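# Fold and geometry: a report
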Amino acid sequence: MKNILIIAGSDSVGGAGIQADLKTCEAIKCYGSTAITAITAQNTNGVSDVMAVSAEILDAQLKMITDELEIHAIKIGMLFNEELIKVVKFWLEKIDKIPIVIDPVCVAKSGAKLLKNEALDALKQILPLASIITPNIKEAELLKIDLQNLPCDTLIKRTKVDTKCQDTLYKKDGTILNFAEPLIKPEIMHGAGCTLSTAIACYLANSNDTQNAVVNAKKYVLNAIQNALNTKYGIRLLDHKRA
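Residues numbered from 1 in each chain as written. Predicted model: local features only at pLDDT ≥ 70, side-chain atom pairs only at ≥ 80, totals over all residues. Heavy atoms only, no water.

### Considering the packing of aromatic side chains
Per the stated rule, a full pass over the model turns up one aromatic pair. Centroid distance Phe90 to Trp91: 6.0 Å. Interplanar angle 90 degrees. Geometry classified as edge-to-face. Judged by its relative accessible area of 45%, Phe90 is partly exposed. (Phe/Tyr/Trp six-rings, centres within 6.5 Å; stacked < 30°, edge-to-face > 60°. Buried < 20%, exposed > 50% of the residue type's maximum accessible area, 1.4 Å probe, protein only.)

Written out as structure tokens, the structure reads:
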């Protein structure tokens, strides 16, 4: 069983963030360890509050995890502020030959900011340390991702949406690959991006190359959505009326 180090925020409703990451690791038969960057008060309607952990406690979490576990891949999600990003950068620079997936979380689907404005430049600085990053189109624009001079392999999510959801992988060697799966539109969709990036990390840890990791991760997310809609809980969410 491969060990995945997850560095991300907590989601109180359990559909995104650390909670979704751990569920994904378990489903793909990997072991997930977690260094929590922030506690959020949120549900599928939005985020009401965010409290970041201190740089010291994030550093302590990372030390305790890496002292005990051999890490086979790292997934990074919400980092929130410059102080936490500096801690993560310090640890990433010590790591050699481990796949690193960064989901550069900036804004929640509801519009709530999950990255402070002044932390944007710091976030850009750690992108070249990744094996692959997974921004959506808005995040790619905020980060000013230059497709002619990529920091690393870059999977931009939702580059085309009609009857299928297409993501596009821009590789550092100039290769461009499109991946599409059927588009499903439940009334509530929460945590798909977190799940996708964690699944990619799990498949990379299990010796998939980047292309196959993305293909398998997208199939995993599609399967998760389809199965959720076939459960009583999923149907209750589907019929839920937002306030």
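Next comes the rest of the description.
### Some remarks on the pairing of strand β7 (residues 153-161)
Judged from the two bridges that link them, strand β6 (residues 132-133) and β7 form a sheet pairing that is parallel. The residue bridging Ile133 from the neighbouring strand is Thr154, located in β7. Both β7 and strand β8 (residues 164-170) contribute to a ladder of five bridges, which runs antiparallel. Each bridged residue has a counterpart across the sheet, and for Thr154 the counterpart in β8 is Tyr170. Joining the antiparallel neighbours β7 and β8 is a turn of two residues. (Pairing = 2+ DSSP bridges. Helix = DSSP H or I, 4+ residues; strand = E, 2+ residues; numbered from the N terminus.)

### Quick word on the environment of Tyr31
As for its position among the elements, Tyr31 is in strand β2 (residues 31-43). Residue Tyr31 is classed as partly exposed on the basis of its relative accessible area, which comes to 43%. In this structure the C-alpha to C-alpha distance between Tyr31 and Ile76, which are 45 residues apart in sequence, comes to 15 Å. Setting aside chain neighbours within four positions, we find Tyr31 in contact with Met1, Lys2, Asn3, Ile4 and Leu69. (Contact = heavy atoms within 4.5 Å.)

Remember, this is a structural readout, not a statement about activity or role.
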